[in-house]
Amino acid sequence: MANGPQSHFADVDGVKYHYHDIGTGEPLILIHGGGPGASGWSNYSRNVEALSRQFRLIIPDLVGYGQSDKPVLEGPRFGIYAKGMLGLMSRIGIEKAHVVGNSLGGGTAIKMALEAPDRIGRLILMGPAGLLAPSTPMPTLGVRQIMEFYGGEGPTREKLRAFLQTMVYDSSFLTEELLDGRIAAATQPDLLANPPLGRGGPPPIEALWKENLAGITHDTLILWGREDRVNPMDMHLTLLAQLPNAQFTVFTRCGHWVQWEKAKAFNALVAAFVRGEMS
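To keep things clear, this report deals only with the structure shown in the data block.

Rules used in this analysis
Residues numbered from 1 in each chain as written. Predicted model: local features only at pLDDT ≥ 70, side-chain atom pairs only at ≥ 80, totals over all residues. Heavy atoms only, no water. Pairing = 2+ DSSP bridges. Helix = DSSP H or I, 4+ residues; strand = E, 2+ residues; numbered from the N terminus. Core = buried A, V, L, I, M, F, W, Y, C linked by side-chain atoms within 4.5 Å. Buried < 20%, exposed > 50% of the residue type's maximum accessible area, 1.4 Å probe, protein only. Axes fitted to C-alpha atoms, helices over the stretch in contact; angles between N-to-C directions. Contact = heavy atoms within 4.5 Å. Parallel < 35°, antiparallel > 145°, perpendicular 65-115°, else oblique. Left-handed = near helix turned anticlockwise from the far one by under 90°. Nonpolar A, V, L, I, M, F, W, Y, C, P; charged D, E, K, R; others polar. Salt bridge = Lys/Arg side-chain N within 4 Å of Asp/Glu carboxyl O. Phe/Tyr/Trp six-rings, centres within 6.5 Å; stacked < 30°, edge-to-face > 60°. Lys NZ or Arg CZ within 6 Å of the ring centre and 35° of its normal.

**Brief notes about the pairing of strand β8 (residues 246-251)**
So, point 1. Taken together, the six bridges between strand β7 (residues 220-225) and β8 define a ladder with parallel strand orientation. Residue pairing for β8: T220 is matched across the bridge by A246.

This is how it looks when you write it as structure tokens:
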């Protein structure tokens, strides 16, 4: 399926983006996180079957990830990613879409709503990056592992296994097949030359908590795993304090991948929220 008939490429301002286009109905864009080896399909494979029965799913690989181009990126990343996603929407003829974002993808979704509010419908944010954690020491274990993955001796299978174990509450979800796919994706030659979040030091992402979050009036569903060791749950307070139309759901016994560890509940919640049944 990852390279089946729903797999496409589009040129956006000279950058090649890979994406999947599956299902019919209102457009729903699923934006992945920024961990080593991430891609749209790897993040959302457990959600496609259920959600594509009701929506047109656009599942992109951000620039620097998956099968999209991997140029040298300069400057804060959320702005780059948001511009790319809005450009991809225009390139494939989507004027307005609902957006789901996990981690780095959640920060990207927030930036899209800030930059082009009329093009965004409902927002679903899962452990989004770029926010304050008022009661958690930073950087977290998961963020340190991302920062260090391409540094030192470079990427290894052991580093990746440790990072993925940090991502989830229940490590039985982590199969050797998953690890094989992620290490292959994380060690592509063009990616090794230009890791999207660098080779150490703080990830080059904007402090979204300093932006006009109160101006995001979209209906927003915030989802978090209580045991998230990448972007801790107390980050949600920044959003709830400012977004005027937000609601929050927490999942116990769940890490950073709500859509993976709690796929059935996630699929049902997202579908109901996008249909307007939770307002």
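**Details of the nonpolar core**
Soluble globular proteins tend to pack their nonpolar side chains together in the buried interior.
So, point 1. Y81, L88, M112, L239 and W257 are the most contacted members of the largest nonpolar core, which totals 64 residues.
So, point 2. Top element by residues in this core is helix α3 (residues 77-91). It accounts for seven residues.
So, point 3. Counting residues in each nonpolar core, the second largest holds 24 residues, with L57, L221, L223 and F273 among its members.

**Re the sheet that holds strand β2 (residues 15-22)**
So, point 1. Read from one edge to the other, the open sheet built from eight strands follows the order β1-β2-β4-β3-β5-β6-β7-β8, with strand pairing classed as mixed. Two strands bound the open sheet, and with one partner strand each, they are β1 (7-12) and β8. Adjacent strand axes in the sheet meet at a mean angle of 25° when their direction is disregarded.
So, point 2. Pairing of β1 with β2 involves six bridges; the strand directions are antiparallel. Note on β2: the bridge partner recorded for H8 is Y19.
So, point 3. On top of the sheet, helix α11 (residues 263-274) reaches β3 (27-31), β5 (97-102), β6 (120-126), β7 and β8; it is set at about 155° to β6, its chief contact.

**Description of the side chain of Q145**
So, point 1. Among the structural elements, Q145 can be located in helix α5 (residues 141-148).
So, point 2. Ignoring any residue separated from it by four or fewer positions in sequence, one finds Q145 in contact with A162, F163 and T166.

**A closer look at unusual backbone geometry**
So, point 1. The peptide bond linking M138 to P139 adopts the cis configuration, its omega dihedral lying at 0°.
So, point 2. Despite not being glycine, D13 has its phi angle at roughly 55°, a positive value.
So, point 3. Here the phi dihedral of S103 falls at roughly 60°; this positive angle occurs in a residue that is not glycine.
So, point 4. The class for S103 is buried, based on a relative accessible area of 10%.

**Comments concerning the packing of α3 against helix α4 (residues 104-115)**
So, point 1. In contact at an axis separation of 8 Å, α3 and α4 are set at 70° when each is read in the N-to-C sense. Considered as vectors, α3 and α4 are oriented roughly perpendicular to each other. Note on packing geometry: the crossing formed by α3 with α4 is right-handed. Two secondary-structure elements touch here, α3 through F78, G79, Y81, A82, M85, L86 and M89 and α4 through L104, G107, T108, K111, M112 and E115.
So, point 2. Counted by class, the contact of α3 with α4 contains eight nonpolar, three polar and two charged residues.

**Observations concerning the pattern of salt bridges**
So, point 1. Per the counting criterion, the structure on display carries 12 salt bridges.
So, point 2. The residue R226 makes a salt bridge to E227 at a minimum N-O spacing of 2.6 Å.
So, point 3. Overall, R226 belongs to the partly exposed group, its relative accessible area being 44%.
So, point 4. Shared partners join several salt bridges into a network, and the residues in it are R157, R161, E176 and D180.

**Overview of α5**
So, point 1. For α5, every residue scored as buried is listed here: G142, V143, Q145, I146 and M147.
So, point 2. Among the structural elements, α6 (157-167) are those in contact with the buried residues of α5.

**Some thoughts on the environment of F149**
So, point 1. Structurally, the position occupied by F149 is in the loop between α5 and α6.
So, point 2. Through-space distance from the C-alpha of F149 to that of K111 is 26 Å; in sequence the pair is 38 residues apart.
So, point 3. Excluding its chain neighbours within four sequence positions, the residues that come into contact with F149 are P36, G154, P155, T156, K159, L160, I183 and A186.

**Considering the packing of aromatic side chains**
So, point 1. Applying the stated criterion to the full structure yields two aromatic pairs.
So, point 2. When the centroid spacing of 5.0 Å and the interplanar angle of 85° are considered together, the rings of F149 and Y150 count as edge-to-face.
So, point 3. On the numbers, 5.6 Å between centres and 55° between planes, the contact of W257 with W260 is tilted.
So, point 4. Judged by relative accessible area, which is 2%, W257 ranks as buried.
So, point 5. Judged by relative accessible area, W260 falls into the buried class, the value being 8%.
So, point 6. Note that R46 overlies the ring of W260, its terminal NZ or CZ placed 4.0 Å from the centroid.

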